[in-house]
Amino acid sequence: MRKYVIVGNLSLVAASLLGLQVAAFAQNRGTTDVTIINNQPIQRLSEKNITESQPYINPLKGASTNNLAPATAIDKPLNATPGAITEKSPGLIGIQAYGSFGVPFTSKRVSHQPTFNVSSNSNAYLSATFPYSATGRLTFNVGQSTAHCSASLIRKSVIVTAAHCVQNFGSGANIFSNFSYTPAFYNGSAPYGSWSWEALVRPNTWANGTDTGSGATRNNDLAVLIIAKNSQGQFIGDITGYLGYGWNNYSFVSSKYTGNLTVAALTTLGYPGLLDSGRIMQRSDGPSYLTTLSGAKQIYQGSNFTKGSSGGPWIANFGYENPVFSSGANAGNQSLSGVVVGVTSWGESDPNGSKNNYSSQFAQNKEYPNASYGNYGAGNIGSLLNQLCSTKRSGSNMTYAQLGYCS
């Protein structure tokens with residue numbers, strides 16, 4: 001029997017548990033999201049279960065893309081301003097998302113960073129170095145089966161993934177179980193071990209089935225989880241490093257050189273099941289565009305990622321190492337490095353078909369209209385993090401933020 005404590009709006013929780021209609025509570029109210037706290041003894045899936053887990057398939061289908069059209073102007077909902085909070089890794093500086101030419105790009109130094117977690121001649125070496133080390137496999141139980149998605153670390157001990165990797169759409173208080181996060185997983189190798197979870201928040205409109213959109217195409221297919229400390233009392237982010245996150249179209253630009261389309265240069269990471277059987281991290285780079293499908297605000301890109309990549313980060317200004325600028329060069333516009341602006345939500349299930357991938361935008365929208373939620377930014381990502389980090393840790397009078405998990 002799973003033992004969870006649910007902290008939040010009591011009326012909404014009671015209605016969810018009773019299977020009642022809760023749309024009236026959830027509409028336009030990000031504050032009604034609840035925190036689910038894991039009160040079980042720390043329990044991790046076995047190494048065998050993690051390694052042999054199957055890529056999780058979102059049971060919902062994506063919206064029709066027959067009338068897909070990219071946005072032709074910067075979408076600034078409710079007069080919103082793009083923003084971001086950058087990653088924590090010593091000595092890194094940002095590279096511009098775009099310059100005055102108006103075409104997005106990312107440039108980084110090509111060289112190795114040292115790590116002692118795997119041998120330098122191991123194929124897992126690159127995955128174990130920052131910023132790749134901030135991404136990993138999220139393994140969990142769906143009934144008696146073990147499945148995996150992808151996830152990334154965006155605060156010292158907080159990961160972001162897709163909401164459908166936490167629970168099925170419209171399933172109320174029922175969530176999957178035994179979440180284990182394995183950063184830099186590589187073909188059975190876990191250079192930083194596997195980490196258990198303590199708490200999570202996902203949109204209540206996802207839980208009660210009222211989120212804007214249709215099928216898998218939704219405004220808010222994202223969730224955030226607190227990762228427990230290890231047996232030495234360390235935060236995971238102090239070991240692996242962690243990325244930042246942005247909102248309201250951070251790094252997107254529209255100019256005459258892009259045909260007035262709103263576009264960003266994004267890097268996507270994850271563990272798609274039809275590429276190396278989901279056992280090796282994959283990277284995809286390319287232009288990404290804004291659009292609206294079935295009323296849901298989406299980002300899309302060309303990609304051959306498939307099931308298992310869900311929840312993996314879409315990163316602006318991804319970089320392995322930064323150069324030292326000289327002769328007056330500078331970082332340019334929106335120059336924070338390693339900024340997650342979305343996570344993989346849905347796409348083509350057959351990599352030999354239409355190669356596409358979609359993400360809910362980290363942004364203000366109908367469900368999350370505010371320009372600021374505490375110190376965590378705007379829209380859905382800001383609200384979910386604010387709810388999670390403002391929750392008191394089980395057995396403590398202090399919140400996760402006060403205890404350092406959300407630094």
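See the structure above.
Residues numbered from 1 in each chain as written. Predicted model: local features only at pLDDT ≥ 70, side-chain atom pairs only at ≥ 80, totals over all residues. Heavy atoms only, no water.

Q: Hey, could you go over the packing of aromatic side chains for me, with residue numbers and the actual values?
A: The tally for this structure, following the rule as stated, stands at twelve aromatic pairs. Judged by centre distance (5.9 Å) and plane angle (45°), the rings of Phe-140 and Phe-179 are tilted. Of the two residues, Phe-140 is situated in strand 5 (residues 135-142) and Phe-179 in strand 8 (residues 177-183); the sequence distance between them amounts to 39 residues. Exposure class is identical for Phe-140 and Phe-179. Each is buried. Between Phe-185 and Tyr-271 the ring centres are 6.1 Å apart and the planes differ by 70°, which places this aromatic pair in the edge-to-face class. One end of the pair, Phe-185, is in the loop between strand 8 and strand 9 (195-201); the other, Tyr-271, is in the loop between strand 14 (263-270) and strand 15 (282-293), and 86 residues separate them in sequence. The class of Phe-185 is buried, set by a relative accessible area of 1%. (Phe/Tyr/Trp six-rings, centres within 6.5 Å; stacked < 30°, edge-to-face > 60°. Helix = DSSP H or I, 4+ residues; strand = E, 2+ residues; numbered from the N terminus. Buried < 20%, exposed > 50% of the residue type's maximum accessible area, 1.4 Å probe, protein only.)

Q: Would you mind going over the pattern of salt bridges in detail, with residue names and values included?
A: Under the defined criterion, the tally for this structure stands at three salt bridges. Here Arg-283 makes a salt bridge to Asp-285, at a shortest N to O gap of 2.8 Å. (Salt bridge = Lys/Arg side-chain N within 4 Å of Asp/Glu carboxyl O.)

Q: How would you explain unusual backbone geometry if you had to name every residue and give the values?
A: The omega angle of the peptide bond from Phe-130 to Pro-131 is 5°, so this bond is cis rather than trans. Structurally, Pro-131 is set in the loop between strand 4 (83-85) and strand 5. Positive phi, normally seen in glycine, also occurs at Asn-178, with a value near 55°. Here Asn-178 shows up in strand 8. Overall, Asn-178 belongs to the buried group, its relative accessible area being 17%. With a phi close to 60°, Asn-317 is a non-glycine residue in the positive phi region.

Q: Help me get a handle on helix 6 (residues 379-389), residues and values and all.
A: Of all eleven residues making up helix 6, ten are buried, and the element is well covered by its neighbours. Buried within helix 6 are the following residues: Gly-379, Asn-380, Ile-381, Gly-382, Ser-383, Leu-384, Leu-385, Gln-387, Leu-388 and Cys-389.

Q: Kindly report on the state of the cysteines, identifying the contributing residues and their values.
A: For the structure on display, the rule yields two disulfides. With its sulfur 2.1 Å from that of its partner, Cys-149 forms a disulfide with Cys-165. Its torsion about the S-S bond being -85°, the disulfide of Cys-149 and Cys-165 is classed as left-handed. With Cys-149 in strand 6 (residues 145-155) and Cys-165 in the loop between strand 7 (158-161) and strand 8, this pair connects stretches of sequence that are 16 residues apart. (Disulfide = S-S within 2.5 Å.)

Q: Describe the pairing of strand 15, naming the residues involved and giving the relevant values.
A: One ladder, built from eight bridges, connects strand 14 with strand 15; its direction is antiparallel. Looking at strand 15, one finds that Ala-265 is bridged to Pro-287. If you look at the hairpin formed by strand 15 and strand 16 (residues 296-302), you'll find two residues sitting between the two strands, and Ser-294 has a positive phi there, around 50°. (Pairing = 2+ DSSP bridges.)

Remember, this is a structural readout, not a statement about activity or role.
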